[in-house]
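Fold and geometry: a report
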Amino acid sequence: MKCPFCGYLDSKVVDSRPAEDGASIRRRRESLACHKRFTTFEVMETLPVVVIKKDGSRQSFDRSKLLNGMIRACEKRPVSFDTMEKMVDEIEQILQNEMNREVPSAQIGEMVMDRLKDVDEVAYVRFASVYRQFKDISTFMSELNKLLQEK
Ligand SMILES: [Zn+2]
């Protein structure tokens, strides 16, 4: 969602609540560039999103599956359910706003990892290890090192 003040394309959602009609949602967003806040009014689209799996098979997007994956990754970590739900909301919203109704599962995985990385590193590495199916400890270590170098 483009910032109306500086035009920057990335913003974070600071609050969201359904509008009275229930079919749309108001979101309070903050520009990641200038940190000014603005409100967006988003209409929920009900078209299904289709996920293309690695083997080429298709499956309709399942929000609860995504949330469950996050819960597993965040087990015993200081990440609230609310935070996880917000990440899922955000990903779902992005997918709904895509013109393309078919999204590769890899793209969704990357979106989750991007967010987990900022929230909890252990959860991120857990998710990434399941998701990228690290074959051995060296792949795992190189991913961990990459993460540490980014700091
Ligand atoms: Zn801005």
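The structure under discussion appears in the preceding block.
Residues numbered from 1 in each chain as written. Predicted model: local features only at pLDDT ≥ 70, side-chain atom pairs only at ≥ 80, totals over all residues.

**Quick look at the sheet that holds strand S6 (residues 102–104)**
In space, the three strands of this open sheet follow the order S5-S4-S6, with mixed pairing throughout. Every interior strand has two partners, whereas the edge strands, strand S5 (58–60) and S6, have only one. Across this sheet, the average inter-strand angle for adjacent strands is 35°, counted without regard to direction. Judged from the three bridges that link them, strand S4 (residues 50–52) and S6 form a sheet pairing that is parallel. Residue pairing for S6: Ile-52 is matched across the bridge by Pro-104. In the packing of helix H3 (residues 105–119) onto the sheet, contacts are made with S4 and S6, and the angle to S6 comes to roughly 65°. (Pairing = 2+ DSSP bridges. Helix = DSSP H or I, 4+ residues; strand = E, 2+ residues; numbered from the N terminus. Axes fitted to C-alpha atoms, helices over the stretch in contact; angles between N-to-C directions. Contact = placed C-beta atoms within 7 Å.)

**Quick word on the nonpolar core**
Residues Met-70, Ile-91 and Phe-127 are the most contacted members of the largest nonpolar core, which totals 17 residues. Secondary structure elements with two or more residues in this core: helix H1 (63–73), helix H2 (81–97), H3 and helix H4 (121–131). Sorting elements by how many residues they give to this core places H2 first, with five residues. Ile-91 has contacts with Leu-66, Ile-108, Met-111 and Val-112, leaving out every residue within four places of it along the chain. (Core = buried A, V, L, I, M, F, W, Y, C linked by C-beta atoms within 7 Å. Buried ≥ 20, exposed ≤ 12 C-beta atoms within 10 Å, placed from the backbone.)

**Some remarks on the packing of H2 against H3**
Contact pair H2 / H3: the axes reach a minimum separation of 11 Å and the direction vectors enclose 145°. Here H2 runs over H3; the crossing is right-handed. Contact residues: Thr-83, Met-87, Ile-91 and Ile-94 in H2; Ile-108, Met-111, Val-112, Arg-115 and Val-119 in H3. For the contact of H2 with H3, the residue count by class is seven nonpolar, one polar and one charged. (Left-handed = near helix turned anticlockwise from the far one by under 90°. Nonpolar A, V, L, I, M, F, W, Y, C, P; charged D, E, K, R; others polar.)

**Looking at the sheet that holds strand S1 (residues 11–18)**
If you trace the three strands from one edge of the open sheet to the other, you get S1-S2-S3, paired in antiparallel fashion. The outermost strands of the open sheet, each flanked by one partner alone, are S1 and strand S3 (37–43). Each strand axis lies, on average, 30° off the axis of its neighbour in the sheet, ignoring direction.

**Some points on the environment of Ser-64**
Along the chain, Ser-64 falls in helix H1. The class of Ser-64 is exposed, set by 9 C-beta atoms lying within 10 Å. Between the C-alpha atoms of Ser-64 and Glu-85, which are 21 residues apart in sequence, the distance is 9.8 Å.

**Re unusual backbone geometry**
For His-35, which is not a glycine, the phi torsion comes out positive at approximately 65°. One can find His-35 in the loop between strand S2 (24–31) and S3. With phi around 60°, Lys-76 is a residue other than glycine that occupies positive phi space. Positionally, Lys-76 belongs in the loop between H1 and H2.

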